[in-house]
Each structure stands twice: as C-alpha cells, then as structure tokens.
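Descriptive structure summary
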Amino acid sequence: MGRIQQFERRQSMKNKQFEVFHYRERSPGNMEVHHHEFFEIYFLLGGEVSFRVEGRSYTLKPGDMLLINPQELHQALVDRDTIYERMVLWIDRGYLGELSAGGMDLASCFDTRLPTHTNRLHPNKTQRAELQVLLEKLAGEFYGEELGNSQYAQGLLMQFLVEVNRLARNSDKQPVSAEETDLVDQVLSYIGTHFTEDISLEMLANIFYVSKYHLSHEFSKRVGTGIYRYIMFRRLMHSRELLEGGIPPGEVYQQCGFGDYANFYRSFKSFYGVSPREYARGDRGEQV
C-alpha cells in the first residue's frame, strides 16, 4: 500500500518539477471547476466518480486514468457514499519539456490536437497493476530521504510517462457520456475561438436559436459552471500564457477581452492569488 496523505485543496505546485499524491477518504466534497498550470495524471483506485473535462463527461471505474493538460477546465463529481481512493501526479510544463529533450515527446499524450486524443485511458488488469506499482514506487522515492532518492524518482517518472504515452497511443478513443449534446459542443467551440471578443448570454442564445434559460441550464449541467464564468476562465488562461510570453500586463488585458485593466486585475488576482505584474515577474502565488 502506498503512502496515504491527507487531501489538500491547493491547486499550485510546491515542488518545481513534479508532485505525486495518494489520497483515500470517505464522502469527500466535490471540487469546484478549475484548471492549473501543470499537467495532471489522475488514476482512480476506488470509488464511484464522474469527471467533467471541458464539457465532456466521463464515468470512471477503478483502474481508469485521466490525462489533463493545463488548458482544460475539469471537475470531479464523487458519490458521497463511497470510499474514494486515487493517485494523482502533477508535472511542471517546463520540466516535462526537459524530460522530452532526449527524443520522445512525453507531453504528446496530453495533446488535444491529435485526432486520437482522449482524456480517459482504460488500462487492462495487467497494465493497471504495473502502473500502480510504478506510481507507488515513485511516491516512495519522492517522499523518501535515502541516498539517490531524487535520481531514482526521475527514472521512475520517465518510465511511468513512457508507459502512459504507449497506452495513449494504442488506446481506442472512447465515447463520452450520452449527456453530450450538439448545442453545448457548438457553444464551447464558439467561445473557444471568440472569447477575446465581447460575448453575452443573449448573443449566444441568438446565434444558436435557443432561449437564454435553456442555453444557460444545458451549459451549466454539462460543463459544471456558468457561461460567464467559463468565458472568464478562458480569458484568464490566455492572459497567463501571454504574461509568461513576456507581453506587458497593460497589453494583455486588451488581447484577452477584458473591458478594462481594473477588471482584469481583480479577476486575475482573485483566481491566481497574485497581481498580473507579480505573475509576470515569476511569482506564481497560490491558485484557488
């Protein structure tokens, strides 16, 4: 059995390379819809869970794995009458790039642009056992204090990521829940290409020939958050990328669809815990 930890709700990394967690509890509360700056691999070991990822809904079984990239909003919905156990791996984007420098792109399993991409992997019994052993060994070395822990952990991480990429490459793209509807897909696609513009619920309802109430209800049910909040998330994620690329905050807010700098500043600091200028200087704060 791996090292069981008390669940933390933080969504920012303390370690600059990777972190690994093993959680188990009864009747946990649901997390809010969120995103983070790093890659995440989620491995369900026990419990009844459905997962929303960018409007797609997955019903998971123990042994299933989810791959989530930094651009994807997601949320776990857990049956309260269950013992919920999972292992979670967080990997810094820059660090994963360094690990990929030897040839194989270890981030390819997260690449939503690939036609074969799927968030959910369904390993067979043998694969599940091997992946769990690797993760538990990785956690042991990550938290250990013996000679060579860091180097051994990096080797285990590389091995685990290669196995996950092989599994993703050979996995059939699995269908998502029947909840998915053309309407919400079309709205998500429209927002994805127009979030820097002035978008309102009324405008979207007119474009897709539905009532505002129906659109709002269907969108919230599928995505787990309202349309306005989803648009804000998209703008904030884009603003973060621009700031990391060296664009000054005074230009970023205009390129991301915020009406004025004050609104951008309030929204950014509320979500990321630091001001846009602090973030641009490298202070990543404590994302909520």
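Since we're looking at a predicted model, the values are computed, not measured. Throughout, residues of each chain are indexed from 1 in the direction in which the sequence is written. Local features in this predicted model are restricted to residues of pLDDT 70 or higher, and side-chain atom pairs are both shown and tallied only at a pLDDT of 80 or more, whereas totals for entire chains, interfaces and linings draw on every residue. Side-chain numbers come from the whole structure's heavy atoms, not from hydrogens or water.

**Observations concerning helix α6 (residues 212–223)**
Each helix corresponds to a stretch of at least 4 residues labelled H or I by DSSP, and each strand to a stretch of at least 2 residues labelled E; elements are numbered beginning at the N terminus. The length a helix should cover is 1.5 Å for every residue beyond the first. The end-to-end C-alpha distance of α6, which contains 12 residues, comes to 16 Å, matching closely the 16 Å that a straight helix rising 1.5 Å per residue would cover. The classification of residues rests on relative accessible area computed with a 1.4 Å probe and restricted to protein chains. Under 20% of the type maximum is buried, over 50% is exposed, and intermediate values are partly exposed. Regarding α6, the residues found buried are Leu215, Glu218, Phe219, Arg222 and Val223. Buried residues of α6 fall within an arc of 105 degrees about the axis and therefore sit on the same side. Contact definition: two residues touch when any of their heavy atoms are within 4.5 Å. Buried residues along α6 sit in contact with β3 (49–53), β4 (56–60), α4 (182–194), α5 (201–207) and α7 (227–244). Count one or two residues on from α6 and you reach glycine 224, which has phi positive near 90 degrees. Along the arc lie the directions from the helix axis toward the C-beta atoms.

**Details of the sheet that holds strand β8 (residues 120–121)**
Any two strands are treated as partners once DSSP identifies two or more bridges connecting them. Within the open sheet, the 5 strands sit side by side as β1-β7-β2-β5-β8. Their pairing is antiparallel. Edge positions in the open sheet fall to β1 (18–26) and β8, since each of these has one partner strand only. Axes here mean lines fitted to C-alpha atoms, for a helix over just the part in contact, with angles spanning 0 to 180 degrees between N-to-C directions. Helix α2 (residues 125–143) contacts β1, β2 (39–46), β5 (65–68) and β7 (83–91) of the sheet and is inclined by roughly 110 degrees relative to β1. The sheet contacts of helix α3 (residues 149–170) involve β1, β2, β5, β7 and β8, and relative to β5 the element is tilted by about 100 degrees.

**Some points on unusual backbone geometry**
Here glutamate 54, not a glycine, exhibits a phi torsion of approximately 50 degrees, which is positive. Among the structural elements, glutamate 54 can be located in the loop between β3 and β4. The class for glutamate 54 is buried, based on a relative accessible area of 11%. Positive phi values are uncommon outside glycine, yet tyrosine 209 reaches one of about 55 degrees. Turning to its location among the elements, tyrosine 209 is positioned in the loop between α5 and α6.

**A closer look at the environment of phenylalanine 264**
As for its position among the elements, phenylalanine 264 is in helix α9 (residues 261–272). The spatial distance from the C-alpha of phenylalanine 264 to the C-alpha of serine 275 is 9.5 Å, given a sequence separation of 11 residues. Contacts of phenylalanine 264, omitting those with residues within four sequence positions, involve Ser239, Pro249, Val252, Tyr253, Phe258 and Pro276.

**Regarding the nonpolar core**
We define the nonpolar core as a collection of buried residues of types Ala, Val, Leu, Ile, Met, Phe, Trp, Tyr and Cys that are connected through side-chain atoms lying within 4.5 Å of one another. The biggest cluster of nonpolar side chains holds 35 residues, and the ones touching the most others in it are Val187, Ile191, Leu204, Leu215, Phe219, Ile227 and Phe268. Put simply, the parts of the chain that give this core at least two residues each are α4, α5, α6, α7, α8 (249–255) and α9. Sort the elements by how many residues they give to this core and α7 lands first, with 8 residues. Contacts of phenylalanine 268, omitting those with residues within four sequence positions, involve Leu236, Ser239, Arg240, Leu243, Gly273, Val274, Ser275, Pro276 and Tyr279. Cys109, Leu131, Leu138 and Leu156 belong to the second-largest nonpolar core, a separate cluster that totals 32 residues.

**Things to note about the sheet that holds strand β6 (residues 74–78)**
An order of β4-β3-β6 is seen for the 3 strands of this open sheet, with the pairing classed as antiparallel. In the strand order of this sheet, the two ends are held by β4 and β6, each with one partner. Within this sheet the neighbouring strands show an average axis-to-axis angle of 20 degrees, counted without direction. Bridging between β3 and β6 involves 5 bridges; their strand directions are antiparallel. Among the inter-strand pairings, valine 49 is bridged to a residue of β6, identified as valine 78.

**Brief notes about the packing of α2 against α3**
Between α2 and α3, the shortest axis-to-axis distance is 9 Å and the interhelical angle comes to 155 degrees. One way to sum up the angle between α2 and α3 is to call them roughly antiparallel. For the element pair α2 and α3, the recorded crossing hand is left-handed. Note on element contacts: α3 touches α2 through Asn149, Tyr152, Ala153, Leu156, Leu157, Gln159, Phe160, Glu163, Val164 and Leu167, opposite Gln127, Leu131, Leu134, Leu135, Lys137, Leu138, Glu141 and Phe142. Only Asp, Glu, Lys and Arg are considered charged in this grouping, and only Ala, Val, Leu, Ile, Met, Phe, Trp, Tyr, Cys and Pro are considered nonpolar; every other residue, Gly among them, is considered polar. When its residues are assigned to classes, the contact of α2 with α3 shows 12 nonpolar, 3 polar and 3 charged. Each angle is binned into one of four classes, with values under 35 degrees roughly parallel, values over 145 roughly antiparallel, values of 65 to 115 roughly perpendicular, and all other values oblique. By convention, the crossing between two helices is left-handed when the near helix turns anticlockwise from the far helix through less than a right angle, and right-handed when the turn is clockwise.

**Overview of the confidence of the model for the protein chain**
Known as pLDDT, the predictor's per-residue confidence is scaled from 0 to 100. The predicted model of the protein chain averages 88 in pLDDT, with 93% of residues at 70 or higher. Considering only residues more than four positions removed or in separate chains, one finds that residues 176–180, a stretch of pLDDT under 50, has 10 contacts.

**Concerning α7**
Taking 1.5 Å per residue as the helical rise, α7 with its 18 residues ought to reach 26 Å, and the 26 Å between its terminal C-alpha atoms agrees with that figure. Those residues of α7 lying buried are Ile227, Tyr230, Ile231, Phe233, Arg234, Arg235, Leu236, Met237, Ser239, Arg240, Leu242 and Leu243. Directly after α7, the chain includes glycine 246, whose backbone phi takes a positive value near 95 degrees.

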